[in-house]
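Residue-level structural notes
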Amino acid sequence: MLLVVGVYLVAGNLAGGAGGGSVSLAKGAVPAAYSSLVQKWGNLCSALNPALLAAQLYQESGFNPNAKSPAKAEGIAQFIPGTWATHGIDGNGDGVRNVWDPSDAIPSAATYDCQLASYVKDVPGNQSENMLASYNAGAYAVIKYQGVPPYAETKNYVKTITSLEQSFAAPVSRVDPSQQAATAINYAQKKLGTPYLWGGNGTADQGGRFDCSGLTKAAFESAGITLPRVANDQYNAGPHPQRAELLPGDLVFFSDDLTNSRAIRHVGIYVGGGYMIDAPRTGAVIRFDPIDTPDYFGATRVTEDGAKALPTAV
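The next subject is the state of the cysteines. The final tally for this structure, using the stated rule, is one disulfide. In this model, C45 is linked to C114 through a disulfide, with the two sulfur atoms separated by 2.1 Å. Here C45 and C114 share a disulfide; its torsion about the S-S bond, -90°, makes the bridge left-handed. Placement of C45 in the loop between α1 (32–41) and α2 (50–61) and of C114 in helix α4 (residues 102–119) is noted, with a sequence separation of 69 residues between them. Both residues of the pair, C45 and C114, count as buried.

Bringing the confidence of the model for the chain into the picture now. Summary statistics for the chain give a mean pLDDT of 90 and a share of 92% for residues scoring 70 or more. Overall, residues 2–20 carries pLDDT values under 50, and its contacts beyond four positions in sequence, including any with other chains, amount to 82 contacts.

What follows deals with the sheet that holds strand β3 (residues 275–278). The antiparallel open sheet is built from five strands, whose spatial order is β4-β3-β2-β1-β5. This sheet does not close on itself; its edge strands, each paired only once, are β4 (287–290) and β5 (296–300). The mean inter-strand angle of the sheet, taken between neighbouring strand axes irrespective of direction, is 40°. Where strand β2 (residues 264–272) and β3 come together, three bridges link them in antiparallel fashion. Bridge pairing in β3 links Y270 to M276. Against the sheet, helix α8 (residues 181–190) engages β2 and β3, with an angle of about 105° to β2. Here helix α9 (residues 212–221) sits on the sheet in contact with β1 (251–255), β2 and β3, set at roughly 45° to β2.

On to α2, then. Compared with the 16 Å implied by 1.5 Å per residue over 12 residues, the 16 Å span of α2 between its first and last C-alpha is a close match. The element α2 is largely enclosed, with a buried count of 12 among its 12 residues. Taken residue by residue, α2 has P50, A51, L52, L53, A54, A55, Q56, L57, Y58, Q59, E60 and S61 as its buried positions. Looking at the buried side of α2, the elements it contacts are α1, α4, α5 (127–137), α7 (152–165), α10 (231–234) and α11 (304–309). Put simply, N49 is the residue that caps the front of α2, since its side-chain oxygen is 2.9 Å from the backbone nitrogen of A51. Once α2 finishes, G62 follows within two positions and takes phi at roughly 65°, a positive value.

What follows concerns a nonpolar patch on the surface. On the surface, L192, Y275 and F288 cluster together into a nonpolar patch covering about 270 Å² of accessible area. Overall, the relative accessible area of 33% leaves L192 in the partly exposed class.

Under the counting rule described, the total for this entry stands at nine aromatic pairs. Here the aromatic rings of Y58 and F168 are separated by 5.5 Å at their centres, their planes lie at 50°, and the arrangement is tilted. Placement of Y58 in helix α2 and of F168 in the loop between α7 and α8 is noted, with a sequence separation of 110 residues between them. Using a relative accessible area of 0% as the deciding quantity, one classes Y58 as buried. When its relative accessible area of 0% is taken as the criterion, F168 is described as buried. Here the aromatic rings of Y235 and F253 are separated by 5.3 Å at their centres, their planes lie at 90°, and the arrangement is edge-to-face. Of this pair, Y235 sits in the loop between α10 and β1 while F253 sits in strand β1; the two residues are 18 residues apart in sequence, bridging distant segments of the chain. Here the two residues Y235 and F253 agree in accessibility, since each one is buried. Taken together, the aromatic side chains of Y58, F63 and F168 make up a single cluster linked through ring pairs.

Rules of the game
Residues numbered from 1 in each chain as written. Predicted model: local features only at pLDDT ≥ 70, side-chain atom pairs only at ≥ 80, totals over all residues. Heavy atoms only, no water. Disulfide = S-S within 2.5 Å. Helix = DSSP H or I, 4+ residues; strand = E, 2+ residues; numbered from the N terminus. Buried < 20%, exposed > 50% of the residue type's maximum accessible area, 1.4 Å probe, protein only. pLDDT = per-residue confidence, 0-100. Contact = heavy atoms within 4.5 Å. Pairing = 2+ DSSP bridges. Axes fitted to C-alpha atoms, helices over the stretch in contact; angles between N-to-C directions. Expected span 1.5 Å × (residues − 1). Polar contact = N/O pair within 3.5 Å; in protein donor to acceptor, adjacent residues only side chain to side chain. Patch = residues over 30% accessible without salt bridge, like charges linked within 9 Å, V, L, I, M, F, W, Y side chains within 5 Å. Areas by Shrake-Rupley, 256 points an atom, 1.4 Å probe, with all protein chains shown as cover. Salt bridge = Lys/Arg side-chain N within 4 Å of Asp/Glu carboxyl O. Phe/Tyr/Trp six-rings, centres within 6.5 Å; stacked < 30°, edge-to-face > 60°.

Below, the structure written as C-alpha coordinates:
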(Lines give C-alpha, C1' and ligand atoms only; values in the text may rest on other atoms or scores of the structure.)
Protein backbone atom coordinates (compact mmCIF):
# COMPACT_ATOMS: atom_id res chain seq x y z
CA MET A 1 0.00 0.00 0.00
CA LEU A 2 1.21 3.50 -0.72
CA LEU A 3 2.22 5.85 2.02
CA VAL A 4 2.66 3.33 4.80
CA VAL A 5 5.79 1.48 5.87
CA GLY A 6 6.51 -1.10 3.18
CA VAL A 7 5.31 1.05 0.30
CA TYR A 8 6.84 0.23 -3.04
CA LEU A 9 8.70 3.11 -4.60
CA VAL A 10 11.50 3.07 -7.11
CA ALA A 11 14.81 4.81 -6.89
CA GLY A 12 16.14 7.20 -9.50
CA ASN A 13 19.43 5.79 -10.69
CA LEU A 14 19.10 6.07 -14.45
CA ALA A 15 21.76 7.63 -16.61
CA GLY A 16 21.64 11.39 -16.23
CA GLY A 17 20.59 11.21 -12.58
CA ALA A 18 17.30 11.16 -10.78
CA GLY A 19 14.56 13.70 -11.18
CA GLY A 20 14.40 16.70 -13.43
CA GLY A 21 13.85 16.24 -17.15
CA SER A 22 16.49 13.53 -17.60
CA VAL A 23 14.06 10.60 -17.62
CA SER A 24 11.26 10.02 -20.10
CA LEU A 25 8.74 7.22 -20.00
CA ALA A 26 9.07 4.13 -22.18
CA LYS A 27 6.55 3.85 -25.00
CA GLY A 28 3.13 2.89 -23.70
CA ALA A 29 4.50 1.79 -20.31
CA VAL A 30 2.02 4.09 -18.60
CA PRO A 31 -1.59 4.12 -19.89
CA ALA A 32 -2.20 7.18 -22.06
CA ALA A 33 -4.83 8.47 -19.64
CA TYR A 34 -2.18 8.95 -16.96
CA SER A 35 1.10 9.43 -18.83
CA SER A 36 1.01 13.23 -18.91
CA LEU A 37 0.24 13.36 -15.18
CA VAL A 38 3.09 10.97 -14.41
CA GLN A 39 5.51 12.86 -16.64
CA LYS A 40 4.58 16.21 -15.06
CA TRP A 41 4.44 15.23 -11.40
CA GLY A 42 7.32 12.80 -11.67
CA ASN A 43 9.57 15.84 -12.08
CA LEU A 44 8.33 17.54 -8.91
CA CYS A 45 11.64 17.23 -7.05
CA SER A 46 15.16 16.01 -7.67
CA ALA A 47 14.64 12.75 -5.77
CA LEU A 48 11.78 11.75 -8.07
CA ASN A 49 11.46 11.07 -11.78
CA PRO A 50 8.59 9.95 -14.01
CA ALA A 51 9.78 6.34 -14.24
CA LEU A 52 10.01 6.15 -10.46
CA LEU A 53 6.49 7.46 -10.05
CA ALA A 54 5.18 5.14 -12.77
CA ALA A 55 6.74 2.11 -11.10
CA GLN A 56 5.19 3.13 -7.81
CA LEU A 57 1.69 3.30 -9.30
CA TYR A 58 2.13 0.02 -11.19
CA GLN A 59 3.39 -1.77 -8.12
CA GLU A 60 0.55 -0.45 -6.02
CA SER A 61 -2.46 -0.87 -8.30
CA GLY A 62 -1.48 -1.84 -11.83
CA PHE A 63 -2.74 1.65 -12.79
CA ASN A 64 -6.23 0.70 -11.63
CA PRO A 65 -7.98 3.83 -10.27
CA ASN A 66 -10.63 1.67 -8.59
CA ALA A 67 -8.23 -0.61 -6.70
CA LYS A 68 -9.01 -1.29 -3.03
CA SER A 69 -6.93 -3.53 -0.80
CA PRO A 70 -8.04 -5.63 2.20
CA ALA A 71 -6.24 -3.05 4.35
CA LYS A 72 -8.55 -0.36 2.91
CA ALA A 73 -5.89 1.26 0.73
CA GLU A 74 -7.71 3.08 -2.04
CA GLY A 75 -7.26 4.24 -5.61
CA ILE A 76 -4.49 4.21 -8.17
CA ALA A 77 -1.90 5.19 -5.56
CA GLN A 78 -3.32 3.05 -2.73
CA PHE A 79 -3.57 5.66 -0.01
CA ILE A 80 -4.96 4.53 3.31
CA PRO A 81 -7.70 6.90 4.54
CA GLY A 82 -5.69 8.39 7.39
CA THR A 83 -2.75 9.24 5.17
CA TRP A 84 -5.01 10.63 2.46
CA ALA A 85 -6.66 12.88 5.04
CA THR A 86 -3.33 14.50 5.89
CA HIS A 87 -1.44 14.29 2.59
CA GLY A 88 -4.01 14.16 -0.21
CA ILE A 89 -4.10 17.26 -2.39
CA ASP A 90 -6.50 18.75 -4.93
CA GLY A 91 -4.28 18.08 -7.90
CA ASN A 92 -6.69 19.18 -10.62
CA GLY A 93 -7.96 22.28 -8.85
CA ASP A 94 -11.64 21.35 -8.89
CA GLY A 95 -12.07 22.03 -5.18
CA VAL A 96 -12.29 18.36 -4.21
CA ARG A 97 -9.60 15.98 -2.89
CA ASN A 98 -10.74 12.65 -4.31
CA VAL A 99 -8.61 9.57 -3.64
CA TRP A 100 -10.39 7.76 -6.50
CA ASP A 101 -9.48 10.44 -9.04
CA PRO A 102 -6.02 9.91 -10.54
CA SER A 103 -5.83 13.65 -11.21
CA ASP A 104 -5.67 14.08 -7.43
CA ALA A 105 -4.07 10.81 -6.35
CA ILE A 106 -1.06 10.92 -8.69
CA PRO A 107 -0.05 14.48 -7.69
CA SER A 108 -0.60 13.53 -4.05
CA ALA A 109 1.73 10.55 -4.36
CA ALA A 110 4.44 12.70 -5.93
CA THR A 111 4.01 15.46 -3.36
CA TYR A 112 4.30 13.04 -0.47
CA ASP A 113 7.34 11.33 -1.97
CA CYS A 114 9.09 14.67 -2.25
CA GLN A 115 8.19 15.54 1.31
CA LEU A 116 9.88 12.33 2.44
CA ALA A 117 12.93 13.18 0.38
CA SER A 118 13.17 16.55 2.08
CA TYR A 119 13.52 14.85 5.47
CA VAL A 120 16.75 13.15 4.39
CA LYS A 121 18.04 15.72 1.91
CA ASP A 122 21.25 16.32 3.86
CA VAL A 123 22.20 12.65 4.07
CA PRO A 124 25.09 11.64 1.77
CA GLY A 125 24.53 9.28 -1.15
CA ASN A 126 21.78 8.78 -3.70
CA GLN A 127 18.85 10.93 -2.63
CA SER A 128 16.23 8.68 -4.19
CA GLU A 129 17.63 5.59 -2.52
CA ASN A 130 17.71 7.47 0.77
CA MET A 131 14.08 8.41 0.24
CA LEU A 132 13.18 4.77 -0.37
CA ALA A 133 15.16 3.62 2.63
CA SER A 134 13.53 6.21 4.86
CA TYR A 135 10.14 4.92 3.79
CA ASN A 136 11.10 1.35 4.58
CA ALA A 137 13.13 1.85 7.76
CA GLY A 138 12.25 5.41 8.80
CA ALA A 139 14.02 8.68 8.15
CA TYR A 140 15.67 8.48 11.57
CA ALA A 141 17.48 5.27 10.51
CA VAL A 142 18.72 6.85 7.26
CA ILE A 143 20.00 9.85 9.20
CA LYS A 144 21.60 7.64 11.87
CA TYR A 145 23.50 5.53 9.33
CA GLN A 146 24.05 8.44 6.92
CA GLY A 147 22.56 6.48 4.05
CA VAL A 148 20.69 3.25 3.42
CA PRO A 149 20.69 1.39 6.75
CA PRO A 150 22.49 -1.99 6.89
CA TYR A 151 19.22 -3.88 7.26
CA ALA A 152 18.81 -6.78 4.84
CA GLU A 153 15.14 -5.99 4.30
CA THR A 154 15.80 -2.33 3.52
CA LYS A 155 18.74 -3.02 1.22
CA ASN A 156 16.75 -5.62 -0.68
CA TYR A 157 13.77 -3.27 -0.80
CA VAL A 158 15.81 -0.50 -2.41
CA LYS A 159 17.40 -2.88 -4.93
CA THR A 160 14.07 -4.43 -5.88
CA ILE A 161 12.27 -1.24 -6.66
CA THR A 162 15.28 0.34 -8.31
CA SER A 163 15.21 -2.58 -10.75
CA LEU A 164 11.52 -2.12 -11.44
CA GLU A 165 12.08 1.51 -12.38
CA GLN A 166 14.07 0.46 -15.43
CA SER A 167 11.03 -0.99 -17.17
CA PHE A 168 9.20 2.36 -17.11
CA ALA A 169 12.04 4.50 -18.44
CA ALA A 170 13.02 4.96 -22.06
CA PRO A 171 16.58 3.61 -22.33
CA VAL A 172 19.25 6.27 -22.83
CA SER A 173 21.78 3.83 -24.31
CA ARG A 174 21.85 0.38 -25.87
CA VAL A 175 20.46 -2.27 -23.52
CA ASP A 176 22.86 -5.06 -22.55
CA PRO A 177 22.04 -8.54 -23.90
CA SER A 178 20.37 -11.06 -21.63
CA GLN A 179 22.57 -13.98 -20.59
CA GLN A 180 19.51 -16.21 -20.33
CA ALA A 181 18.26 -15.57 -23.87
CA ALA A 182 19.82 -18.61 -25.55
CA THR A 183 18.37 -20.98 -22.94
CA ALA A 184 14.90 -19.50 -23.35
CA ILE A 185 15.05 -19.78 -27.14
CA ASN A 186 16.28 -23.34 -26.95
CA TYR A 187 13.33 -24.25 -24.75
CA ALA A 188 10.83 -22.61 -27.09
CA GLN A 189 12.35 -24.28 -30.15
CA LYS A 190 11.78 -27.68 -28.59
CA LYS A 191 8.07 -26.84 -28.32
CA LEU A 192 7.58 -26.03 -32.01
CA GLY A 193 4.52 -27.85 -33.34
CA THR A 194 2.84 -28.16 -29.93
CA PRO A 195 -0.89 -27.34 -30.10
CA TYR A 196 -2.08 -24.13 -28.46
CA LEU A 197 -4.15 -24.26 -25.27
CA TRP A 198 -5.69 -21.15 -23.72
CA GLY A 199 -4.39 -20.97 -20.15
CA GLY A 200 -1.83 -23.65 -20.92
CA ASN A 201 1.29 -23.89 -18.79
CA GLY A 202 2.78 -26.97 -20.41
CA THR A 203 1.87 -29.31 -17.56
CA ALA A 204 1.29 -33.01 -18.06
CA ASP A 205 -2.42 -32.75 -17.35
CA GLN A 206 -2.62 -30.15 -20.14
CA GLY A 207 -0.83 -32.38 -22.60
CA GLY A 208 2.25 -30.16 -22.52
CA ARG A 209 0.36 -27.38 -24.28
CA PHE A 210 0.75 -23.62 -23.82
CA ASP A 211 -0.81 -20.29 -24.53
CA CYS A 212 1.42 -17.34 -25.49
CA SER A 213 2.45 -16.14 -22.04
CA GLY A 214 2.54 -19.67 -20.65
CA LEU A 215 5.21 -20.48 -23.24
CA THR A 216 7.33 -17.42 -22.51
CA LYS A 217 7.03 -17.98 -18.77
CA ALA A 218 8.15 -21.60 -19.10
CA ALA A 219 10.98 -20.67 -21.46
CA PHE A 220 12.50 -18.23 -19.00
CA GLU A 221 11.89 -20.53 -16.06
CA SER A 222 14.16 -22.98 -17.87
CA ALA A 223 16.81 -20.25 -17.64
CA GLY A 224 16.19 -19.64 -13.95
CA ILE A 225 13.98 -16.55 -14.28
CA THR A 226 10.42 -16.46 -13.00
CA LEU A 227 8.09 -14.22 -15.00
CA PRO A 228 4.52 -13.22 -14.17
CA ARG A 229 1.84 -15.35 -15.79
CA VAL A 230 0.23 -12.76 -18.08
CA ALA A 231 1.74 -10.90 -21.02
CA ASN A 232 1.04 -7.34 -19.90
CA ASP A 233 2.97 -7.93 -16.67
CA GLN A 234 5.80 -9.67 -18.50
CA TYR A 235 6.32 -6.39 -20.37
CA ASN A 236 7.67 -4.92 -17.12
CA ALA A 237 10.41 -7.54 -16.61
CA GLY A 238 13.21 -5.35 -17.94
CA PRO A 239 14.13 -2.41 -20.19
CA HIS A 240 12.70 -1.90 -23.66
CA PRO A 241 15.00 -1.98 -26.70
CA GLN A 242 13.93 -0.26 -29.89
CA ARG A 243 12.87 -2.33 -32.91
CA ALA A 244 16.26 -1.81 -34.56
CA GLU A 245 18.04 -2.99 -31.40
CA LEU A 246 16.21 -6.31 -30.98
CA LEU A 247 18.30 -9.36 -30.11
CA PRO A 248 17.30 -13.03 -30.00
CA GLY A 249 15.66 -13.80 -26.68
CA ASP A 250 13.86 -10.47 -26.33
CA LEU A 251 10.16 -10.72 -25.58
CA VAL A 252 8.01 -9.02 -28.22
CA PHE A 253 4.50 -7.79 -27.49
CA PHE A 254 1.33 -7.03 -29.42
CA SER A 255 -1.72 -4.95 -28.60
CA ASP A 256 -4.76 -3.31 -30.15
CA ASP A 257 -3.97 -0.20 -28.08
CA LEU A 258 -0.43 0.98 -28.77
CA THR A 259 -0.60 3.59 -25.99
CA ASN A 260 -1.18 1.23 -23.07
CA SER A 261 0.95 -1.70 -21.96
CA ARG A 262 -1.92 -2.90 -19.75
CA ALA A 263 -3.83 -3.71 -22.96
CA ILE A 264 -1.13 -6.06 -24.33
CA ARG A 265 -2.77 -9.30 -25.50
CA HIS A 266 0.05 -11.37 -27.05
CA VAL A 267 3.74 -12.13 -26.51
CA GLY A 268 6.44 -14.14 -28.28
CA ILE A 269 10.20 -14.74 -28.10
CA TYR A 270 12.24 -12.97 -30.76
CA VAL A 271 14.64 -15.24 -32.65
CA GLY A 272 16.07 -12.82 -35.23
CA GLY A 273 15.39 -11.91 -38.82
CA GLY A 274 12.04 -10.32 -37.96
CA TYR A 275 10.57 -13.55 -36.55
CA MET A 276 9.49 -14.86 -33.17
CA ILE A 277 8.44 -18.19 -31.70
CA ASP A 278 4.96 -17.90 -30.27
CA ALA A 279 1.82 -19.80 -29.35
CA PRO A 280 -0.62 -17.81 -31.48
CA ARG A 281 -4.21 -18.93 -30.92
CA THR A 282 -6.67 -21.78 -30.53
CA GLY A 283 -6.41 -24.18 -33.45
CA ALA A 284 -2.78 -23.26 -34.17
CA VAL A 285 0.53 -24.70 -33.00
CA ILE A 286 3.66 -23.12 -31.55
CA ARG A 287 5.46 -21.77 -34.61
CA PHE A 288 7.56 -19.00 -36.15
CA ASP A 289 5.64 -15.81 -36.89
CA PRO A 290 6.71 -12.38 -38.20
CA ILE A 291 6.76 -9.55 -35.69
CA ASP A 292 6.36 -6.60 -38.06
CA THR A 293 2.60 -6.31 -37.93
CA PRO A 294 0.38 -3.27 -37.24
CA ASP A 295 -0.27 -4.44 -33.68
CA TYR A 296 3.42 -4.68 -32.72
CA PHE A 297 3.70 -2.87 -29.38
CA GLY A 298 7.32 -3.17 -28.34
CA ALA A 299 9.89 -5.41 -26.69
CA THR A 300 11.43 -6.23 -23.33
CA ARG A 301 14.93 -7.50 -22.62
CA VAL A 302 14.25 -9.65 -19.59
CA THR A 303 16.61 -9.26 -16.66
CA GLU A 304 16.78 -11.36 -13.53
CA ASP A 305 16.49 -8.32 -11.27
CA GLY A 306 13.66 -6.91 -13.35
CA ALA A 307 11.64 -10.11 -13.10
CA LYS A 308 12.27 -10.42 -9.36
CA ALA A 309 11.04 -6.86 -8.84
CA LEU A 310 7.61 -7.48 -10.30
CA PRO A 311 4.70 -7.80 -7.88
CA THR A 312 3.02 -11.19 -7.80
CA ALA A 313 -0.34 -9.56 -8.49
CA VAL A 314 -1.49 -6.10 -9.52
